[in-house]
Amino acid sequence: METIIIRRRWRWIGHVLRKEQDAIPRVAVQWRPEGHRKRGRPKTTWRRTVEAEAAAMGQSWGTLRMLAQDREQWKEFVAALIAYGKKGS
């Protein structure tokens, strides 16, 4: 079940990163709120989860944007991410 969730999340990210620069979903994914949070452990957000998975694969947000433009490369990346997740578990 976990692999299905990861695969769908990353397929959606690829879809959003291929959208135009001013598309609402793309703006929302790249948005960084200003200000400070309360003290304590940061909340586990969707974006932090995605960034942590990308960092585990050695990818930055900028390289993900370029990689998503080629659908075949993106599919290979998602497959590798799923395989890495299974191996790392």
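None of the values given here were measured: they were computed from a predicted structure.

Rules of the game
- Residues numbered from 1 in each chain as written.
- Predicted model: local features only at pLDDT ≥ 70, side-chain atom pairs only at ≥ 80, totals over all residues.
- Heavy atoms only, no water.
- Helix = DSSP H or I, 4+ residues; strand = E, 2+ residues; numbered from the N terminus.
- Contact = heavy atoms within 4.5 Å.
- Salt bridge = Lys/Arg side-chain N within 4 Å of Asp/Glu carboxyl O.
- Buried < 20%, exposed > 50% of the residue type's maximum accessible area, 1.4 Å probe, protein only.
- Core = buried A, V, L, I, M, F, W, Y, C linked by side-chain atoms within 4.5 Å.
- Lys, Arg positive; Asp, Glu negative; His and termini not counted.
- Phe/Tyr/Trp six-rings, centres within 6.5 Å; stacked < 30°, edge-to-face > 60°.

A. Region of the structure containing the side chain of Arg 9. One can find Arg 9 in helix α1 (residues 2–17). Not counting the four nearest positions on each side in its chain, Arg 9 is found in contact with Trp 46, Thr 49, Val 50 and Glu 53.

B. Broad picture of the pattern of salt bridges. For the structure shown, the criterion picks out two salt bridges. Residue Glu 53 is joined to Arg 9 by a salt bridge in which the shortest nitrogen-to-oxygen separation is 2.7 Å. With Glu 53 in helix α3 (residues 46–56) and Arg 9 in helix α1, this residue pair connects regions lying 44 residues apart in the sequence. Of the charged contacts, one joins Glu 72 and Lys 75 as a salt bridge, the two residues approaching to 3.9 Å between their closest N and O atoms. Here Lys 75 and Glu 72 lie together in helix α5 (residues 71–88), a separation of three residues that amounts to about one turn. You can call Glu 72 partly exposed: its relative accessible area is 48%.

C. Quick look at the nonpolar core. Within the largest apolar cluster, 17 residues are counted, with the highest numbers of intra-cluster contacts made by Trp 10, Leu 64, Trp 74 and Phe 77. Those elements giving two or more residues to this core turn out to be α1, α3, α4 (61–68) and α5. Those residues in contact with Phe 77 that sit more than four places away from it in its chain are Trp 10, Met 57, Gln 59, Leu 64 and Leu 67.

D. Structural context of the environment of Trp 31. Following the sequence through the fold, Trp 31 ends up in the loop between α2 (24–30) and α3. On the basis of relative accessibility, which here comes to 57%, the residue Trp 31 falls in the exposed class. Taking the C-alpha atoms as reference points, Trp 31 and Arg 47, separated by 16 residues in sequence, lie 9.7 Å from one another.

E. Region of the structure containing the side chain of Arg 26. Among the structural elements, Arg 26 can be located in helix α2. Buried and unpaired, Arg 26 has no salt bridge, with Asp 22 as the nearest side chain of opposite charge at 8.2 Å. Beyond its immediate chain neighbours, meaning those up to four positions away, Arg 26 contacts Val 16, Leu 17, Lys 19, Glu 20, Gln 21 and Arg 65.

F. Looking closely at the packing of aromatic side chains. Under the definition given, this model contains three aromatic pairs. Geometrically, the ring pair formed by Trp 10 and Trp 74 is tilted, given 6.1 Å between the ring centres and 45° between the ring planes. Taken together, the residues span a long stretch of sequence, with Trp 10 in helix α1 and Trp 74 in helix α5 at a distance of 64 residues. Residue classification places Trp 10 among the buried positions, given a relative accessible area of 0%. Among the residues examined, Trp 74 registers a relative accessible area of 3% and is labelled buried. Aromatic rings pair up to connect Trp 10, Trp 74 and Phe 77 into one cluster.

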